[in-house]
Amino acid sequence: MEAVKLGNKFHPHSSYTNSSSFSNTHFGLIKFRKTHIGFEPKIQKKWTSLSLSGGERLKEEIFLEKKQRDFSVKCTAEGIERGLLVGGRSDEESEFVVAERFKVVALMACVMCLCNADRVVMSVAIVPLAAKYGWSSSFLGIVQSSFLWGYIFSSVIGGALVDKYGGKKVIAWGAALWSLATLLTPWAANHSTISLLAIRAFFGLAEGVALPSMNTLLSRWFPSHERATAVGISMGGFHLGNVVGLVLTPLFMSSVGISGPFILFSSLGLLWLTTWINRVTNDPQESNSITKAELRLIQAGKSDSPPLKKGELPPLRLLLSKMPTWAIIFANVTNNWGYFVLLSWMPVYFKTVFNVNLKQAAWFSAVPWGTMAFSGYVAGAASDFLIKAGYSLTFVRKVMQSIGFIGPGVSLLCLNYAKTPEVAAVMITIALSFSSFSQAGFLLNMQDIAPQYAGFLHGISNSAGTLAAIISTIGTGFFVQWLGSFQAFLTLTACLYFVTAIFWNIYATGERVF
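Residues numbered from 1 in each chain as written. Predicted model: local features only at pLDDT ≥ 70, side-chain atom pairs only at ≥ 80, totals over all residues. Heavy atoms only, no water.

### A closer look at the side chain of aspartate 283
- The topology assignment puts aspartate 283 in the loop between helix 9 (259–279) and helix 10 (292–300).
- From its side chain, aspartate 283 meets the backbone nitrogen of glutamine 285 in a polar contact 2.9 Å long. (Helix = DSSP H or I, 4+ residues; strand = E, 2+ residues; numbered from the N terminus. Polar contact = N/O pair within 3.5 Å; in protein donor to acceptor, adjacent residues only side chain to side chain.)

### Things to note about the packing of aromatic side chains
- Under the defined criterion, the tally for this structure stands at 11 aromatic pairs.
- Where phenylalanine 238 meets tyrosine 339, the ring centres are 6.2 Å apart and the plane angle is 25°; that geometry is what we call stacked. Linking phenylalanine 238 in helix 8 (residues 227–255) with tyrosine 339 in helix 12 (residues 323–354), this pair joins segments that are 101 residues apart in sequence. The exposure classification of phenylalanine 238 matches that of tyrosine 339, with both residues buried.
- Residues tryptophan 326 and phenylalanine 330 carry aromatic rings whose centres are separated by 5.9 Å and whose planes lie at 40° to one another, so their mutual orientation is tilted. In this pair, tryptophan 326 and phenylalanine 330 both sit in helix 12, 4 residues apart, roughly one turn of the helix.
- Put simply, the rings of Trp326, Phe330, Phe503 and Tyr507 touch in pairs and so form one group of aromatic residues. (Phe/Tyr/Trp six-rings, centres within 6.5 Å; stacked < 30°, edge-to-face > 60°. Buried < 20%, exposed > 50% of the residue type's maximum accessible area, 1.4 Å probe, protein only.)

### With respect to helix 17 (residues 454–483)
- Over its 30 residues, helix 17 extends 41 Å from the first C-alpha to the last, a length consistent with the 44 Å expected when each residue adds 1.5 Å.
- Across the 30 residues of helix 17, 21 count as buried, placing the element largely inside the fold. (Expected span 1.5 Å × (residues − 1).)

### Here we look at the pattern of salt bridges
- Tallied over the full model, the rule gives 6 salt bridges.
- We note a salt bridge from arginine 397 to aspartate 448, for which the minimum N-O separation is 2.6 Å. On the criterion of sequence distance, the pair formed by arginine 397 in helix 14 (residues 393–415) and aspartate 448 in helix 16 (residues 442–449) is long-range, its members being 51 residues apart. (Salt bridge = Lys/Arg side-chain N within 4 Å of Asp/Glu carboxyl O.)

### A closer look at the confidence of the model for the protein chain
- When pLDDT is averaged along the protein chain, the result is 77, and 76% of the positions lie at 70 or above.
- When the elements of the protein chain are averaged for pLDDT, helix 1 (residues 15–29) gives the smallest value, 41, and helix 14 the largest, 94.
- Taken together, the stretch residues 1–53 has pLDDT below 50 and engages in 74 contacts with residues farther than four places along the chain or on a different chain.
- Counting interchain partners and residues more than four positions distant, the pLDDT-below-50 stretch residues 66–95 has 43 contacts. (pLDDT = per-residue confidence, 0-100. Contact = heavy atoms within 4.5 Å.)

### Focus on the side chain of aspartate 384
- Counting through the fold element by element, aspartate 384 comes out in helix 13 (residues 358–388).
- Of the side chains with opposite charge, lysine 388 comes closest to the buried, unpaired aspartate 384, at an N-O distance of 6.2 Å.
- If sequence neighbours within four positions are ignored, aspartate 384 has contacts with Ser224, His225, Glu226, Arg227, Ala228 and Thr229. (Lys, Arg positive; Asp, Glu negative; His and termini not counted.)

Structure representation (structure tokens):
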């Protein structure tokens, strides 16, 4: 007869004593310790107090190890899903691991910050350049819009390349080229006007791939219920680029000269590039650093959208035959129209209307963009919350985009009545804060209706939006020179916001169309 040895006493084997013994053994062998994600069982593999046959002992050991492994995986997955720092802890040292997709979105936010900061440098530097070379207001608009001449062509091409080859390589090449163009801008300005316009067009050509790359890469790395937040974080970096550019550019120009900020931001771009190449992959399945639990979480939360085959072209005629596509295109047109008016002309606006100096104008212009970075994250988090709460994608996209158009339209109308720079800064801040809700509207809607062709669709809509930005940027200069004020153009922009909001609510959808 088998016997179970407990302490110094022997008890005959029976169903009762066997059950009791195993209960006591389980409590003796499993201890719990508090970790950063809750309680984790600590299994002690000490069998000296238990005398069993070899087969039963092996089965019991396998059972306990499997229980520990399942418990750890469950806790880790729950920690990842809550967006926490996750990892394991040994008896001797603690190890914390950040979920791999958050590393990707952090690097993406950094490059989007540099992308916009490089644009803004010229918006500030153009004031002393205009004074040096005697440029008129209308010619200022031409110089400002030259960035968009290249941007309009690279959006479609870049979007198609992203669909075919993924976002990692495309945005890496883009960052390398636009950093080079930023470095060469002061030299081009000193050489000739033609050289300056050419280098700014090349700069726009390189930057045109940034947004399609961001959108496609994040759709692969994040489940659908986290995608709006991820885009909000990345676009938050994009808008912070305005703050960084507007604040640092005057400081570096006053201490180093006009070339100072151009050298600074081009150097940061090349530094980012070295990190990006070694740390990021096109798809989470290609990553050697991602955990199995995180990979399962990502794959379970997104729909399959196979990449285009080699030699296959996106169906342009099919895309343009559906009204949801035109809703996205018109939304991008309106968004870019208003965005580039504010981006390109705010320093000039504050200097012309309120006669503030360049440093003060930069600060007044920077505050609204900083607020926009925060409100963009709020818009993304609110969108994901509504989706998790059971609201349809169509409803959520329409609500977010309506806020993103009606809010700025009302704010720009109120801006016409601002009498002080402080009040004007508040109105612009409100306009841009509401405008950031578009990130959870049309910007995400491309993946909703055409996941397989999202990069190409982004390129089409962005090219149309870029054309609108060119018209609005140049048009503002001519309107100001012709009428002597910004009021007429601000009113026109507000009306465009209202009309597009109506069109969006009639034709937009969150359902897959292609």
